Amino acid sequence: MLDVKTSLYNTLTKKIEEFVPNEKGKVGMYTCGPTVYHFAHIGNLRSYIMEDVLEKYLRYVGYDVKRVMNITDVGHLTSDGDTGEDKMLAGARREHKSVMDIARFYTDAFMEDCRKLGIKKPDVVEPATNCIPDFIHMIEVLLEKGYAYVSGDNVYFDTSKLDQYYVLSVQKEEDLKVGVRSDVDEDTNKRNKTDFVLWFTKSKFENQEMKWDSPWGTGYPGWHIECSSISMKHLGEYMDIHCGGVDNIFPHHTNEIAQSESYTGHKWCNYWFHINHLNTKSGKMSKSKGEFLTLSLLEEKGYDPMVYRLFCLLSHYRKPLEFSWEALDNVAVTYEKLCKRIQNLSENGEEEEEAFDEWEKKFAVALGNDINTSSAITVLYDMLKGDFSDITKRKLVARFDEVLSLNLTGVFEEKPEEELDAGLTAYIEQKIGERKEAKKEKNFARADEIRDELLAKGIVLKDTREGTIWEKAE
């Protein structure tokens, strides 16, 4: 392992502290995955980019990392309280498809976004619907221990059994009790306002499409139980790092701690790593507002996904980040210049081991200071200006990019003309397929948009009896 100190801000202790894993040399890491009822917006993707950097940094300095991520394909309601319907059911109704069709489509779309952004697929990706028996077992144990109760055929976690419930929040417990959960419904089945559902039955949601038999009736699990159960299934009862966006702190992660430590009888996770919001000038990016920015939209406007990744890396993960097209344009210029500078490094000279070791450690030290990616990129620039051989710099760029994952050594490599043509053809055929589907759904405005997008790239579509054909504009 590299001899560097790793310090992380821990939401649990509200301070930056040295990272010490439960088992020397190994890290168990959990990431709250997407609720696959719609495309991920670029604010969601900021969190996954920064979690990816954390994982890759830990591997860079020598840790053996096992990272687990859930896929929420059931149980997450339209409110973080106990109100509304399951987001998956809402998505299925919106698109007139089954819940499982929605789940598969948006899981694939999310994974494709991650691939384009250089985000490594976690070692374990587990859909919630794979683990219903595990959830039921955990709930049974909580009932046996007296931390849960059945009321109105639903199963609730009893927060009054805890000495301290609001362990992750920066607010005072007295203030939270009064105002923090204005979104919670007046559920007469609950003993306490802050109690949360572990298992819903048809008594509350008659129209839920996905249901399973349980000791408490036919129904489905609450959102919070899945992360606790899936993490323990793959990482055991002691976890090193739990990741997520700051909006997960309360109530989701608060409830995870409550049920997990009640289940195990001991401290569950030592470090909580939270990423701040991506905002626009109008406020926090959110799917609930209707219009939201996706990676596909950035691509349609001509941006390389690596530009958005760099945009995120130039800011610290704990600071809010404001998105604007002007800012993204500036980063696009920065990225192109950086890549060209790297491309111009010669392959002459000899590798200088001492210089390599020195800069490899400088990069690790920068990231080891609470995953300071902007400082790490400064190290990259300083290294490129260093007085040592280009061949050593090339080797360092490749090493740094194991963490940055900006495709720094490959993006401007020349490709054979036939490869470029093949890529262009595949892109056009994909767009023609999307246009055909839009017309089939009578979404003619979208069909026209696709035609205009291709025309802007010099591609003319022609509809014939045999189907749509294309040609390059004169």
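Residues numbered from 1 in each chain as written. Predicted model: local features only at pLDDT ≥ 70, side-chain atom pairs only at ≥ 80, totals over all residues. Heavy atoms only, no water.

Let us now look at the packing of aromatic side chains. One pass over the structure, following the stated rule, counts 23 aromatic pairs. Measuring from ring centre to ring centre gives 4.1 Å for phenylalanine 363 and phenylalanine 400, while their planes differ by 10°; the resulting arrangement is stacked. With a gap of 37 residues between them, phenylalanine 363 in helix α11 (residues 353-368) and phenylalanine 400 in helix α13 (residues 390-404) connect regions that are remote in the sequence. One cation-aromatic arrangement involves lysine 301 over tryptophan 325; the distance from NZ or CZ to the ring centre is 5.3 Å. Between the NZ or CZ atom of lysine 395 and the centre of the ring of phenylalanine 356, over which it lies, the distance is 4.6 Å. (Phe/Tyr/Trp six-rings, centres within 6.5 Å; stacked < 30°, edge-to-face > 60°. Helix = DSSP H or I, 4+ residues; strand = E, 2+ residues; numbered from the N terminus. Lys NZ or Arg CZ within 6 Å of the ring centre and 35° of its normal.)

With that settled, the discussion passes to the pairing of strand β1 (residues 7-10). Burial along β1 is two-sided: the face carrying Ser7 and Tyr9 and the face carrying Leu8 and Asn10 are both buried. Of the strand pairs in this sheet, β1 and strand β2 (residues 15-18) are connected by 4 bridges, and their pairing is antiparallel. Considered in β2, the bridge of serine 7 is made with glutamate 18. Linking β1 back to β2 in an antiparallel pair, the connection comprises 4 residues, with lysine 14 at a positive phi of about 65°. (Buried < 20%, exposed > 50% of the residue type's maximum accessible area, 1.4 Å probe, protein only. Pairing = 2+ DSSP bridges.)

Note that the residue after phenylalanine 250, namely proline 251, is joined by a cis bond; omega there is 5°. By secondary structure assignment, the location of proline 251 is in helix α7 (residues 249-264). Of note, the phi angle at aspartate 370 is positive, near 55°, even though the residue is not glycine. Located in the positive-phi region is isoleucine 371, a residue other than glycine, with phi close to 50°. As for its placement among the helices and strands, isoleucine 371 is situated in the loop between α11 and α12 (373-384). Residue classification places isoleucine 371 among the buried residues on the basis of a relative accessible area of 0%.

So, on to the nonpolar core. Core analysis: the biggest nonpolar cluster contains 130 residues, and Ile241, Tyr308, Phe400 and Leu408 have the highest contact counts within it. Tallying contributions element by element places helix α1 (residues 42-60) first for this core, with 10 residues. Apart from residues lying up to four places away in sequence, phenylalanine 400 is in contact with Tyr60, Trp359, Glu360, Phe363, Val379, Leu380 and Met383. Membership of the second largest hydrophobic core comes to 6 residues, among which are Ile428, Ile432, Leu454 and Ile459. (Core = buried A, V, L, I, M, F, W, Y, C linked by side-chain atoms within 4.5 Å. Contact = heavy atoms within 4.5 Å.)

The end-to-end C-alpha distance of α11 is 22 Å, a good match for the 22 Å that 16 residues give at a rise of 1.5 Å each. Residues Ala355, Phe356, Trp359, Glu360, Phe363, Ala364, Ala366, Leu367 and Gly368 constitute the buried set of α11. Elements that come into contact with the buried residues of α11 comprise β1, α1, α12 and α13. (Expected span 1.5 Å × (residues − 1).)

Attention now moves to a negative patch on the surface. Taken together, the side chains of Glu350, Glu352, Glu353, Glu354, Asp357 and Asp387 define an acidic patch exposed on the protein surface. Along the chain, glutamate 350 turns up in the loop between α10 (325-343) and α11. Taking relative accessible area as the criterion, glutamate 350 reaches 67% and is therefore assigned exposed. (Patch = residues over 30% accessible without salt bridge, like charges linked within 9 Å, V, L, I, M, F, W, Y side chains within 5 Å. Areas by Shrake-Rupley, 256 points an atom, 1.4 Å probe, with all protein chains shown as cover. Salt bridge = Lys/Arg side-chain N within 4 Å of Asp/Glu carboxyl O. Lys, Arg positive; Asp, Glu negative; His and termini not counted. Charge placed at Lys NZ, Arg CZ, Asp CG, Glu CD.)

Further remarks concern the state of the cysteines. In total, this model carries 0 disulfides according to the counting rule given. Left without a disulfide partner, cysteine 243 is nearest to the cysteine sulfur of cysteine 269, which lies 8.5 Å away. (Disulfide = S-S within 2.5 Å.)

Let's shift gears to helix α2 (residues 87-95). Every buried residue belonging to α2 is among Lys87, Met88, Leu89, Gly91 and Ala92, and all of these are buried. Looking at the buried side of α2, the elements it contacts are α3 (99-116). Of the residues one or two after α2, histidine 96 is the one with positive phi, at around 55°.

By the definition in use, this model includes 36 salt bridges. Of the charged contacts in the structure, one is a salt bridge between arginine 59 and aspartate 123, with a shortest N-O distance of 3.1 Å. Of the two residues, arginine 59 sits in helix α1 while aspartate 123 sits in the loop between α3 and β5 (124-127), which places them 64 residues apart along the sequence. On the basis of relative accessible area, arginine 59 is assigned to the partly exposed category, the value being 29%.

Looking now at the side chain of asparagine 270. Here asparagine 270 is to be found in strand β11 (residues 269-275). Of note is the side chain of asparagine 270, whose polar atom sits 3.2 Å from the side chain of asparagine 22. Setting aside anything within four residues of it in sequence, one finds asparagine 270 in contact with Asn10, Leu12, Asn22, Met239 and Asp240. (Polar contact = N/O pair within 3.5 Å; in protein donor to acceptor, adjacent residues only side chain to side chain.)

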